[in-house]
Every structure is written in C-alpha cells, then in structure tokens.
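Architecture at a glance
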Amino acid sequence: MGDRRTQSRQAHIPKSLEFGLGNKFPRMSFFDSDASSDPVRLALDALLARDDLALLKDARVIYRANPDPHNVSIISGGGSGHEPLAAGYVGRGMLTGAVSGDIFASPSTKQVFAAIRACASDAGTLLLILNYTGDVLHFNLAAQKARAEGQAVQVVAISDDVAVGRAASELVGRRGLAGMILAQKICGAAAEAGQSLHQLTTLAQRINANMVSIGASLDHCHVPGSLPAHLKADEIELGMGIHNEPGFTKLSPSPKPAELVARMLGLLLKQDDEERSFVRFAAGDQLVLLVNNLGGLSNLELSALTSLTLSALEDQAIHPVRVLSGTFLTSLDGSGFSITLLNISSAASDVSSNSELLDLLDAPAATAAWSNPSATSSASASRDSRTKQSSKDVRSPQQSGKVLVSASVLYRAISGACETLEAQGPQLTRWDTIVGDGDCGRTCEQGAQAVLKLVNSPPHSSRIDIGSFVHDISEAVEDACGGTLGAIFAIFLAALANELLAVTADSLEMSTWAACAARALETLEASTLARQGHRTIMDALIPFVETFTISNVLRTAVSAAITGAEGTKNLKAKLGRAAYIGEREGTEVPDPGAMAVAAILSGLMEAFD
C-alpha cells in the first residue's frame, strides 16, 4: 500500500514533463478533456438497462417503476461521485428512489421534492441521508414541502464517522460514511416486509446510534476536470472524508497495513477515548463488519485488508457474525478504504431481536449494486418509455389558505424589504469577503430581485391569499439563492407559509403572525444546529421571533433583530465546513447573513410605518 504511489503522483513528476505538451496536467479521467459530457447523467442512463427502474431526467432521480404503494418509500441521495451509492441501491428490498447532485454537491430541494413525489407511498416516505450540511438542509426543506401536501415524511441522517471527535462535531454532527449501506439494506428489507414509517425511522436511528466507521487513504481522489492534488509519497491520511476533506492526522512514514488496520480498529473500539467512544461494545455483542473500497483499490488489496481486519478483531476475541467486503460507497477513485462496525445487539434493543436484524440484512435485494441471485438485468422495455424529461410530470396541486389580506399593503411591505436588502448588497459583499467567500451580497440581491419580480406580476385582485403568497416567495428564494443561506431562508419561509395556510381565522392579528413565526422557527431549528451565539443568521432571526412573540409589536422585534445582528461582530463562527478542520479567528465585522435578516425586517417595518 505504499511504494506504488511514487510512480504515479504528479508531485513526483519532473516539472519539465509535468506541464509539457501544451501545459496540460496529466489526464486522470476519460472525462477530463470533454466538458460537454455529463458523466452523472450517463451513469443514470446506464441504470435503465434494468427494466424495473425509471428516471426523472431533469431532476436526476432514479426510482422503482412499480413499487408496492402500501410499503413505506425509502429515498436516499446526495452528491455524485460516491457510486454505487445511492442510485445503485434502488430496487426491491433496498431503496425506492435516489436523487443525484453534481459531483460532491448536494442535490437541490427541487430535485429531492421531485423524488418524493415520484416515489409517493400511502405508507409515507423515509429520507435516509448522509450527515452533510447541504444534504441535511435540502432534504429537510423538501420534506417540509411534502408535508404541506399531506405526505408523511421523516428524515434520518447517518453520521457514523469517528474521525471527527466530539468537540469538533458538537454542532455539525459526525460525517456519514459507509455505514449508510447497512442502514439502507436493513431498512429497505424492513420496508419490504411492511414495517411502518415510525418503525423504520426508529430502526434507522438505532442503527445510526450503534455504528462507527473510520477511513484511511493513500491520496486525494481526482475530480474530473480539475488539477489533482496529492499527499506525499510517505503519507497516509487517517480519517479522510469522502469529499477530499482532510483527516484528523497524517501518518508519516506510512505504517504497515496491519499496523494501520490495528490503529483504525482502536479508534472504533476503544472505550476510554472521550473524543471518539461513540458506541459501547461489550463481551458477547454481535457485530457486523463492513470493509469498503473508496474507489481506487484493487480487489486483491481490499481482500487483503479485510483479512487483516478480521485477524485484528480475532486477536481481541471479536468474531463478526456477518462480514461484508466490497465497493459500496466511493470517493470517485479514492485510493483508500474504510472500516465499519455495527453493534447488532445494541441496535436491536427496543426495536427487534438480533436474529430479526440479521434476517433483514440477509434478505435478498434486487438492485444494480447489491449482488444476489434474485437480481435481474433485463433490458426488454424501452428506456425512453420510462424516462420523464421533466419532474413537472409528477406535480401535485398547491394547497390554498383561508386568510386574505390587502394586496397593495402586502406588496408595499415586501417591496420595501427587497429594496432595503438590495441596497445593503454591496456592504454584505464587503463583509463576506472578509469572513467568508464573498458571495452573500450577490446571493441576497438575486433573492430580492426574484421576489420583486413576483410582486411586480400580481394577480388582478385587491385581496390575496397570504399563505399561498408566502409559499410563492419561498419558491422564488429557493430558485434564486444558492448555498446554505438560501436554503435557510427557504426553509423558514416554507414553514411560515405552511403555518399561515393552516390559520382558520378570517384575519391576521399580530399575535397570530408571531405564533406562526415561532412555529416556523421551530421547524428551521430542526434542520440546523445553528443557534443564537453561533455567528449566523439565527443571531438576528431568533431575537426577532422571541421578542415578537412576547410583545406582538413589530418595531420592538425588529430592534431586537438589529441588535442581535450587530452583536455578531464580537462572536466567532462555530458552524460550517471549517468546523471539521479548525476555527478561524473573527475579524470584528458582523455576520453578513444576520445583517441581511436585519435589512429585510427593517424594510418591512418602514413599509408598515
């Protein structure tokens, strides 16, 4: 596992050869030189060789063509580049559907929502995802929108990585790794057996709570079209994530394979490690072992590493009751592997028995990537006949509310908020250039312009359904604003719309507005760990809602939001991807997202005045 890297790494290619012939870096992928080809789309098309699958082409959703409508649907997904996860596990006995984003990028809320609609079930839907910020936000927002249509939807995020210790993961949670495969297989079989949405949600949570994983890699993976980065020839990254995120340590010189495996198992099993002892293991517990190829190892190497893992476990008198070894979840061509241990005995507590969980794991599954005798690969049916070009083909009618308000007053208030936000855009950009990636102002301007376009195309009516209109605003914001900020705005607005649609009174008092905002905030807080004091949008939104609920006075609540936003200049960021690799010092400017909220609320207040 070590010396072969010196022959292939760009870091060891002489500069005279490295950028010779047109100054092009060495090709690492067949798609490096063909920007017109979309490997994600082509990979999904290939799955239609199976006549039990169908495709929503524009939403990149692969789903079962004829699932049992009385069984709970299970949908997974995330960024592409982790194949066969998740599309490869769509089929009887595992997933009902899977949605794919760009390489290492979360699918949008619209894509996830399209998947929920395509896989709609009388028994409800379980969204089984990896714990990454983009996936958590977009899948939760899609779930919220589906619930507004009357669908029962639950979300469980798998977070089995022990590389990120308790201190660093306190707010963002642990990352998801190959343990997802065990959750998908067991829950998929349970859904096939007719278990309820509540039972499946509890089962997935129990599996996640009793599962640990750790990865190690010889090198970074190569993203098609990008210049590859490399570790040094004598380094191994321990704890590397599946998106090229750094591990928690580099081992140099590279340890022997048996030493590496022993160290990885120590991180999984050690009970006195306060940072990483996430699962309790006791004598006699039944364990499942999964050894996963991150994409670039030969079958020979993977089998050898599996053998070393089993030997190291046997040295500790641990004998897994099931052993799975293969390529289940990858990081493109990542030259590494991961080890997962699931404590079946603990996971079965309160939800099942050991034998029942093992029976679910052993149950047959008919998917492209889970090999068993019941799998089929007939291509007798036309792929075109099972391809929908647009997710609009599975749309449902929008719910209407009962509360009508003055269109002119509403449009004046919304216009005031948007114009104030637009005017603040350049300042938001300056702040975000200092503390972030510099796109906050532009993102907010795009959102404001999208909402203004909506306001400037009003229906010919003097009164308007407030719940439906706020729903339309959330859709416009979702379409126009990318990134985490856009997702948080959209989740809050979608939840607020749902609360307004449920109001039965003929008019809205300030106390009703405040109650709806409070419940919408609760929905948002279920999708993010950001809270007041974390230097985020919540430092303005939470004080606004709490003060509004107490006082029912808009001006007082807006003043609290402004104070909270301006106070972020004295706080340090505690959320985001930087939490995995350490904090940066604050620079005494306010959080741009919080100041954007303050600008919106100030514009609303001035319009009402």
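Residues numbered from 1 in each chain as written. Predicted model: local features only at pLDDT ≥ 70, side-chain atom pairs only at ≥ 80, totals over all residues. Heavy atoms only, no water.

Let's talk about the UniProt feature "binding site: substrate" (unreviewed entry) in the protein
Mapped onto this structure's residue numbering, the UniProt feature "binding site: substrate" (unreviewed entry) falls at Gly79, Ser80, Gly81, His82 and Asp135. Within the secondary structure, Ser80 sits in strand β3 (residues 73-80). Judged by relative accessible area, Ser80 falls into the buried class, the value being 2%. Non-local contacts of Ser80, meaning those with residues more than four positions away in its chain, are made with Val40, Ser100, Gly101, Asp102, Ile103 and Phe104. In this structure the side chain of Ser80 is engaged in a polar contact, spanning 2.6 Å, whose partner is the backbone oxygen of Gly101. Within the element layout of this structure, Asp135 appears in helix α5 (residues 133-148). Accessibility expressed as a relative area gives 7% for Asp135, which makes it buried. (UniProt positions renumbered as here; feature names shortened; annotations may be inferred. Helix = DSSP H or I, 4+ residues; strand = E, 2+ residues; numbered from the N terminus. Buried < 20%, exposed > 50% of the residue type's maximum accessible area, 1.4 Å probe, protein only. Contact = heavy atoms within 4.5 Å. Polar contact = N/O pair within 3.5 Å; in protein donor to acceptor, adjacent residues only side chain to side chain.)

Observations regarding the packing of aromatic side chains
A full pass over the atoms with the stated rule returns 3 aromatic pairs. Ring centres of Phe328 and Trp370 lie 6.2 Å apart, and the angle between their planes is 40 degrees; on these two criteria the pair is classed as tilted. Within this pair, whereas Phe328 is found in the loop between β11 (322-326) and β12 (336-343), its partner Trp370 is found in the loop between α12 (354-362) and β13 (387-388), the two being separated by 42 residues in sequence. For the pair shown, Phe328 and Trp370 are each scored as buried. Ring plane angle 35 degrees and centroid distance 5.5 Å describe the contact between Phe544 and Phe548, whose orientation is recorded as tilted. Of this pair, Phe544 and Phe548 both sit in helix α18 (residues 538-551), 4 residues apart, which is roughly one turn of the helix. Both residues of the pair, Phe544 and Phe548, belong to the buried class. Its guanidinium or amino end placed over the ring of Phe278, Arg166 lies 4.6 Å from that ring's centre, counting from NZ or CZ. (Phe/Tyr/Trp six-rings, centres within 6.5 Å; stacked < 30°, edge-to-face > 60°. Lys NZ or Arg CZ within 6 Å of the ring centre and 35° of its normal.)

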